[in-house]
Amino acid sequence: MAKNAERAAWAAVATGIVAVGLFAWSRTSGISVQARLINDVVLPLSGMKRRAGDGRDLRRQIALHRRVEPARPSARLRRKFAIDTFMVDGVEVFQVRPRVGGSDATILYLHGGAWVFDVLAPHWWIVESVIDRTGARVVVPRYPLAPESTWRETYAFLDRLLDSHLITGRDRLIIAGDSAGGCLSVGMAQRLRARGGALPAGLLLFSPALDLTFSDPRVLAIEPHDPMLAVAGCRAAGRLWAAGTPLNDPQVSPLYGPLDDLPPVAIFTGTRDLLHPDATRLHERLARAETSVALHSYKDLCHVFVAAPIPEAARALDQAGLFIRDCLSQDRA
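Residues numbered from 1 in each chain as written. Predicted model: local features only at pLDDT ≥ 70, side-chain atom pairs only at ≥ 80, totals over all residues. Heavy atoms only, no water.

Visitor: Would you take a moment to explain helix α8 (residues 180-195) for this structure?
Guide: Helical geometry note: an α-helix holds 3.6 residues per turn, so side chains three or four residues apart project in the same direction. The end-to-end C-alpha distance of α8 is 23 Å, a good match for the 22 Å that 16 residues give at a rise of 1.5 Å each. Within α8, 12 of the 16 residues are buried, leaving the element largely enclosed by the surrounding structure. Among all positions in α8, only A180, G181, G182, C183, L184, S185, V186, G187, M188, A189, Q190 and L192 are buried. The inward-facing, buried residues of α8 contact β3 (106-110), α7 (151-162), β5 (173-178), β6 (202-206), α10 (231-242) and α11 (276-288). Phi for G196, located one or two positions after α8, is positive at around 75°. (Helix = DSSP H or I, 4+ residues; strand = E, 2+ residues; numbered from the N terminus. Expected span 1.5 Å × (residues − 1). Buried < 20%, exposed > 50% of the residue type's maximum accessible area, 1.4 Å probe, protein only. Contact = heavy atoms within 4.5 Å.)

In structure tokens:
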């Protein structure tokens, strides 16, 4: 008993030392203790980085995910919001809306997951946060994934979804997405523009993946500091989705496609995300094209940090809510 008590005491002391160290570091580094814990403790212990670094193991990881996917809205979320499920061309689509009040805006939210993984629990946190800040109705499709489907099937489904009864009024629509969903968001806008179709009121991008080559030298420089992603895994997932299409083809890597005449864009990125260079390149190209664009760059934060329970995420989501409201108010004006 005495030894157990001694071990517990030393564990408490060690925990206190770590906590004090993290607090001191957060004060000098400019990010919250919570963010520091996620970057330097939670994510490294999760093994995500190690798994992402082995592109050869991707198909096994996909098979494991398929056994438990998707993460469905929790009981708490179902109590808070009205949630309906529809089938569009055999694909499950969730609709989440306020039970009382709300706006007439619709957000088409395209979840991340490297084009191969389904909806995850953190995506529902983002959906909830966006509704809380805007009152919008959010449509979340379980769009076709690789390797069962390719980019052709993914975009063909999203084209049909945009023309379905679930999406009414492009002038009251925001297309949003994180990571691979950010890729799809830009890709959808480019497809609409190419066809001369009505564009959404805005594009909201969280840590977007836009260049499937992952060849920017800055990506390789950030990789050792990214606690979540690795180039090998990202590139392997991109190849599955591209299915033989060159990775620099604009149909799979929208950063190589036309970026003029797009609707207003807001981009959120963390500097410890190996996709950060994608975000900055997109911002630069949109600015040159004289498209309204805002880049919100958060120092030392990781990939899709907006899904984490940290103060920086709340601040970024506040900014995202303001962007959505501004897009829709400008349209009304």
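Visitor: I'm lost on the nonpolar core in this one. Help?
Guide: W115, L158, L204, F206, W241, L274 and L282 are the most contacted members of the largest nonpolar core, which has 106 residues in total. Apart from residues no more than four positions distant in its own chain, L282 is found in contact with V186, L205, L210, L255, L259 and I267. (Core = buried A, V, L, I, M, F, W, Y, C linked by side-chain atoms within 4.5 Å.)

Visitor: In this structure, what is going on with the packing of aromatic side chains? I would like to understand it.
Guide: The geometry of an aromatic ring pair comes down to the distance between the two centres and the angle between the two planes. Applying the stated rule across the entire model yields five aromatic pairs. Geometrically, the ring pair formed by F94 and W124 is edge-to-face, given 5.2 Å between the ring centres and 90° between the ring planes. One end of the pair, F94, is in strand β2 (residues 91-98); the other, W124, is in helix α6 (residues 121-134), and 30 residues separate them in sequence. Residue class for F94 comes out buried when judged on its relative accessible area of 0%. By relative accessible area, which is 5% here, W124 ends up buried. With centroids separated by 5.6 Å and ring planes inclined at 20°, the aromatic side chains of W115 and W241 adopt a geometry described as stacked. Here W115 is found in the loop between β3 and α6, whereas its partner W241 is found in helix α10, with 126 residues between them in sequence. Across this residue pair, the class does not change: W115 and W241 are buried. Put simply, the rings of W115, Y155 and W241 pair up and form one aromatic cluster. (Phe/Tyr/Trp six-rings, centres within 6.5 Å; stacked < 30°, edge-to-face > 60°.)

Visitor: Looking at this structure, I do not really get the pairing of β6. What am I missing?
Guide: Side-chain positions along a regular strand alternate between the two faces of the sheet. Taking burial as the measure, the five residues of β6 include five buried ones, the bulk of the element. Burial along β6 is two-sided: the face carrying G202, L204 and F206 and the face carrying L203 and L205 are both buried. Here five bridges tie β5 to β6, and the two strands are oriented parallel to one another. Among the inter-strand pairings, D178 is bridged to a residue of β6, identified as F206. Read as a crossover between parallel neighbours, the route from β5 over α8 to β6 is right-handed. Of the strand pairs in this sheet, β6 and strand β7 (residues 265-270) are connected by four bridges, and their pairing is parallel. Paired with L205 across the strands is I267, a residue of β7. (Pairing = 2+ DSSP bridges. Right-handed = clockwise from strand over helix to strand, strands pointing away.)

Visitor: Mind showing me how you'd approach a nonpolar patch on the surface here?
Guide: A surface patch of nonpolar side chains, amounting to about 340 Å² of accessible area, comprises L37, V41, V42 and L45. Tracing the backbone shows V42 in helix α2 (residues 33-46). The class for V42 is partly exposed, based on a relative accessible area of 46%. (Patch = residues over 30% accessible without salt bridge, like charges linked within 9 Å, V, L, I, M, F, W, Y side chains within 5 Å. Areas by Shrake-Rupley, 256 points an atom, 1.4 Å probe, with all protein chains shown as cover. Salt bridge = Lys/Arg side-chain N within 4 Å of Asp/Glu carboxyl O.)

Visitor: Even after reading the chapter, I still don't get the confidence of the model for the protein, so can you show me in this structure?
Guide: Predicted coordinates in regions of low pLDDT should not be interpreted in detail. Overall, the predicted model of the protein reaches an average pLDDT of 91, with 90% of residues at or above 70. The low-confidence segment residues 11-28, where pLDDT is below 50, has eight contacts with residues more than four positions distant or belonging to other chains. (pLDDT = per-residue confidence, 0-100.)

Visitor: Explanation requested: the side chain of T291 in the structure shown.
Guide: Relative to the elements of secondary structure, T291 occurs in the loop between α11 and β8 (293-298). Residue T291 is classed as buried on the basis of its relative accessible area of 9%. Apart from the residues lying within four places of it in its own chain, the contact partners of T291 are L259, D260, D261, L262, P263, V265 and L286.

Visitor: Can you walk me through the sheet that holds strand β4 (residues 137-141) in this structure?
Guide: Pairing between the strands of a sheet comes from backbone hydrogen bonds, and it takes one of two forms, parallel or antiparallel. Spatially, the eight strands line up as an open sheet ordered β1-β2-β4-β3-β5-β6-β7-β8, and their pairing is mixed. One side of each edge strand has no neighbouring strand; the edge strands of this open sheet are β1 (81-88) and β8. Direction aside, the axes of adjacent strands within the sheet are offset by 15° on average. Contacting β1, β2, β3, β4, β5 and β6, α6 runs over the sheet at an angle of about 35° to β2. (Axes fitted to C-alpha atoms, helices over the stretch in contact; angles between N-to-C directions.)

Visitor: What am I meant to see in the environment of H65 here?
Guide: Note that H65 resides in helix α4 (residues 58-66). By relative accessible area, which is 27% here, H65 ends up partly exposed. Apart from the residues lying within four places of it in its own chain, the contact partners of H65 are F117 and L120.

Visitor: Sorry if this is basic, but what is going on with the pairing of β4 here?
Guide: Burial analysis of β4 places five of its five residues in the buried class, which makes it a mostly covered element. Here β4 shows a buried face lined by R137, V139 and P141 and a second buried face lined by V138 and V140. As paired elements, β3 and β4 share three bridges and run parallel to each other. In the strand pairing of β4, I107 is matched with V138. With respect to chirality, the unit in which β3 leads through α6 into the neighbouring parallel β4 is right-handed.

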